[in-house]
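# Overview (structure and organization)
Chain residues, written in single-letter form:
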Amino acid sequence: QVQLVESGGGLVQAGGSLRLSCAASGRSFSSYIMAWFRQAPGKEREFVSAINWGAITRYADSVKGRATISRDNAKNMVFLQMNSLKPEDTAVYYCAAWYSSTMSTPPKGAYWGQGTQVTVSS
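One structure accompanies this document, and this report is about it.

What counts, and where the lines are drawn
Residues numbered from 1 in each chain as written. Predicted model: local features only at pLDDT ≥ 70, side-chain atom pairs only at ≥ 80, totals over all residues. Heavy atoms only, no water. Helix = DSSP H or I, 4+ residues; strand = E, 2+ residues; numbered from the N terminus. Contact = heavy atoms within 4.5 Å. Polar contact = N/O pair within 3.5 Å; in protein donor to acceptor, adjacent residues only side chain to side chain. Buried < 20%, exposed > 50% of the residue type's maximum accessible area, 1.4 Å probe, protein only. Salt bridge = Lys/Arg side-chain N within 4 Å of Asp/Glu carboxyl O.

### Quick word on the environment of Arg-38
With respect to the element layout, Arg-38 can be found in strand E4 (residues 33-39). As for Arg-38 and Tyr-111, which are separated by 73 residues in sequence, their C-alpha atoms are 15 Å apart. Contacts of Arg-38, omitting those with residues within four sequence positions, involve Glu-44, Arg-45, Glu-46, Val-48, Ser-62, Val-63, Met-82, Glu-88, Asp-89, Ala-91, Val-92 and Tyr-93. Reaching out from Arg-38, the side chain makes a polar contact with the side chain of Ser-62 at a distance of 3.4 Å.

If you want it as structure tokens, here you go:
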């Protein structure tokens, strides 16, 4: 079992930055793909970014160039640095973890956190 707890969300003005954190419990953290998804009101949850055990990263086109995902395997943490935030980045951001070779599509057995709200004001 893996438990994920997100933090770092909040209210920020457009153009600002936020750093989201996800703390993971459980064994073999370094073996998991760690990812961030988001869900805006009235919309489906969408992929934001992922990082695998080899620090290979993937980004959604909507955040490419503005987001940086990183992980600290010694501390069982994954981070998402978001810069140049836009109102359309407003969403609940979820941390996810899974074993798979697919970096942007979590399998049914993926672990999810409870989410952290990010609100970007114009």
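### Some thoughts on the environment of Thr-102
Within the element layout of this structure, Thr-102 appears in the loop between strand E9 (91-98) and strand E10 (111-112). The class of Thr-102 is partly exposed, set by a relative accessible area of 35%. Put simply, Thr-102 and Leu-18 are 84 residues apart on the chain and 27 Å apart in space, counted from C-alpha to C-alpha.

### Structural notes on the pattern of salt bridges
Following the criterion strictly, the structure yields four salt bridges and no others. Between Glu-46 and Arg-38 there is a salt bridge, with the nearest N and O atoms lying 2.6 Å from each other. With a closest N to O distance of 3.2 Å, Asp-61 and Lys-64 form a salt bridge. For Asp-61, a relative accessible area of 66% corresponds to the exposed category. Among the ionic contacts, a cluster of salt bridges with common partners joins Arg-38, Glu-46, Arg-66 and Asp-89.

### Side note on the environment of Cys-22
Tracing the chain through its elements places Cys-22 in strand E3 (residues 18-25). The class for Cys-22 is buried, based on a relative accessible area of 0%. Along the backbone, Cys-22 and Phe-79 are 57 residues apart, and their C-alpha atoms lie at a distance of 6.3 Å. In contact with Cys-22, not counting residues within four places along its chain, are Leu-4, Val-5, Glu-6, Met-34, Trp-36, Asn-76, Met-77, Val-78 and Cys-95.

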